[in-house]
Amino acid sequence: MGADWSSKRHKYDTRAAQGPYTLTQSAVLRIRSLLDEIEYNGALRRISLGYDTAFVADFDLSLSDKDLRDFATEKANLASDQLVRHKEDLDTMTRKLVEKIAVYGISPPDDKDPLSAALKMADKDWWTGRLRQLQAQYHDTISRDIGLVSKKVDSYSGRNTVLIHRAQQERNKTYMENTELRNTKGETISLAEIAEHNLSNPEIRNAEFMVRIKGFEQVSQIYGHTAQFITLTTPSRFHCTKSSGFKNQKFDGSTVADGQKWLKSKWALIRAKLHRKGITPYGFRIVEPHHDGTPHWHMLLFIAPQQVKPLNRVIRQYMLSEGERGSQEHRMDIKPIDPTKGSAVGYIAKYVSKNLDGKHLDTDLDGKPAIESAERITAWARTWNLRQFQQIGGPSVTVWRELRKLKPEVEHADALAQARTAADAGDWAAFVIAMGGIDVPRKEQLLAPYREYNELVDTNTGEITLDDLTRHGAKKVPPLKGLRMADVVIVTRTERWTPVPVGSCARNTVRPEPYEHGAARC
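What counts as what
Residues numbered from 1 in each chain as written. Predicted model: local features only at pLDDT ≥ 70, side-chain atom pairs only at ≥ 80, totals over all residues. Heavy atoms only, no water. Helix = DSSP H or I, 4+ residues; strand = E, 2+ residues; numbered from the N terminus. Contact = heavy atoms within 4.5 Å. Areas by Shrake-Rupley, 256 points an atom, 1.4 Å probe, with all protein chains shown as cover. Pairing = 2+ DSSP bridges. Axes fitted to C-alpha atoms, helices over the stretch in contact; angles between N-to-C directions. Phe/Tyr/Trp six-rings, centres within 6.5 Å; stacked < 30°, edge-to-face > 60°. Lys NZ or Arg CZ within 6 Å of the ring centre and 35° of its normal. Salt bridge = Lys/Arg side-chain N within 4 Å of Asp/Glu carboxyl O. Buried < 20%, exposed > 50% of the residue type's maximum accessible area, 1.4 Å probe, protein only. Patch = residues over 30% accessible without salt bridge, like charges linked within 9 Å, V, L, I, M, F, W, Y side chains within 5 Å. Core = buried A, V, L, I, M, F, W, Y, C linked by side-chain atoms within 4.5 Å.

Undergrad: Just give me the short version of the overall build of the chain, but keep the residues and values in it.
TA: Helix and strand counts for the chain come out as 18 helices and 16 strands. For the chain, restricting intrachain contacts to residue pairs at least 6 apart in sequence, the fraction spanning at least 24 positions comes to 69%. Surface exposure of the chain reaches about 27,100 Å², of which carbon and sulfur atoms provide 51%.

Written out as structure tokens, the structure reads:
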């Protein structure tokens, strides 16, 4: 029976899929193999599951990116028809569009204006982005569910997850190589060149992160604080596969997003109680996958010695609140860092490198090539839109980066000059002190980011308007312009750059001349 069936072409078969989008083929082949191992009815149920997971409504998860974009265009056109049909009844129109996207499990835009939300749902680019994410997440979820993501097969993320990520990286590379930024003076610069020299480059991101960690450690030495390395893990129901490669019988079908949501909810409760108690740790959080893709957190926290025990009690209170058997051992791990045995920087460096590019490690903790593991972890994080690194406490890193844009020859107030000098020298500890110290709330610190809308000048009428709306009519977040110190604004971004496809004509829009570099105005 098994041999005859496996050679038969049928509607569940996806062997015609091209490129990386062949996970459902693997799923079907895996299911077919069960025919020889279990009873016939059980096998049929799994075959049905294979078909269900190959499609989300009428969206075929094995589509190539070109076909996906065609599908997105089709759905956007249908949404546009809804806009025309119900243009007099905005509420009905929006409700019908939300119902249309709900069948794919896509969340509607969170715009407060119903019209701008509706216009997004009628945009093929909006559909393309959502469908790409949906496809990648389903591929990764199916891989986890059928045991293809584990220490025994492919760690951290599914094989197709990595291939889809590589395809996206290639699209990004092509876009950057064929796009340049142009300012009002007509000066241009390659977007690819910019990406090579900013935080898009993993090596630069790694270097900045390590500078900030080292700075926090130096601050802790100044204040006499201690360091702790804390690991937080989800309950067993979120873990699909054991380290042995066998299915975890307690797994309830939770996705990577479900696990991250659980961790964030627990940390929100912990943080709120710490705030009520006046306990103020500072440091960094790293999110990374277990071998089966289930997220867990590592945190390097610095804290006053007298607050260590209260901090640990609060963490235990919320992390152990579900009372699962074995949670005392597995739900969290708290290790004090002994400075006589090594620095906090050295302790966390391997986790940073493992999650960025793996270039400073030979192998990961499971003995697999570090560079390969870093790619798999990056693919996992991009697929699930996870923020891998997050600062806890301390001053704004945005302020730090903007200060590094200021020229030293421009005269500044003493306090500002100290902060600028520290940032320019890459001295995070001195920057923290210059901003007022580690315990000063953000709103009371020396400097804050300053945002302001650009102005647009109509070349025919001379009318000046604010560039404050997206092409869908939603309100934009004002772009970052510089820094604010009390009532003084320091402009750090003096040029306004527009992305232009290589060879295209400049926009017929004239913007006002930029402010003088580093100028202060009241």
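Undergrad: Lay out the sheet that holds strand β15 (residues 498–501) in plain terms, naming residues and giving numbers.
TA: With antiparallel pairing, the three strands of this open sheet are ordered in space as β4-β3-β15. A strand with exactly one partner marks an edge of an open sheet, and here the two such strands are β4 (188–190) and β15. Adjacent strand axes in the sheet meet at a mean angle of 35°, parallel and antiparallel pairs treated alike. Taken together, the four bridges between strand β3 (residues 179–182) and β15 define a ladder with antiparallel strand orientation. Within β15, the position partnered with Glu 180 by the bridge is Val 500.

Undergrad: Summarise the packing of aromatic side chains; cite the residues concerned and give the values.
TA: According to the stated counting rule, one finds 14 aromatic pairs in the structure shown. Three or more aromatic residues joined by ring pairs form one cluster here, namely Phe 209, Phe 216, Tyr 282, Phe 284, Phe 302, Phe 389, Trp 400, Trp 428 and Phe 431. Here Arg 212 stacks its cationic end above the ring of Trp 428, 5.5 Å away from the centre of that ring. In this structure, Arg 285 is placed above the aromatic ring of Trp 297, and the distance from its NZ or CZ to the ring centre is 4.8 Å.

Undergrad: Give me the pattern of salt bridges: which residues, what numbers.
TA: Scanning all chains against the criterion turns up 24 salt bridges. The salt bridge involving Asp 333 is made with Lys 335; its shortest N-O contact spans 3.8 Å. When its relative accessible area of 33% is taken as the criterion, Asp 333 is described as partly exposed. Of the residues examined, Lys 335 reaches a relative accessible area of 39% and is grouped as partly exposed. Residues joined by salt bridges that share partners form a network here, namely Asp 65, Arg 69, Arg 132 and Arg 171.

Undergrad: Requested: an account of a nonpolar patch on the surface, with residues and values cited.
TA: A cluster of nonpolar side chains, namely Leu 90, Leu 115 and Leu 119, defines an oily patch on the protein surface of about 200 Å² accessible area. Its relative accessible area of 39% is what places Leu 115 among the partly exposed residues.

Undergrad: Just give me the short version of the nonpolar core, but keep the residues and values in it.
TA: Grouped together as the largest cluster of nonpolar side chains are 40 residues, with contacts concentrated most on Ile 213, Val 352, Leu 403 and Leu 447. Among the elements that take part in this core, helix α14 (residues 344–356) stands out by supplying six residues, more than any other.

Undergrad: So what's going on with unusual backbone geometry? Which residues, and what values?
TA: A positive phi angle is found at Tyr 156, which is not glycine, with a value near 75°. Unlike most non-glycine residues, Asn 385 shows phi in positive territory, near 55°. By the element assignment, Asn 385 lies in the loop between α15 (370–383) and β9 (389–392). Overall, Asn 385 belongs to the exposed group, its relative accessible area being 53%.

On their own, these measurements won't tell you what the molecule is for.
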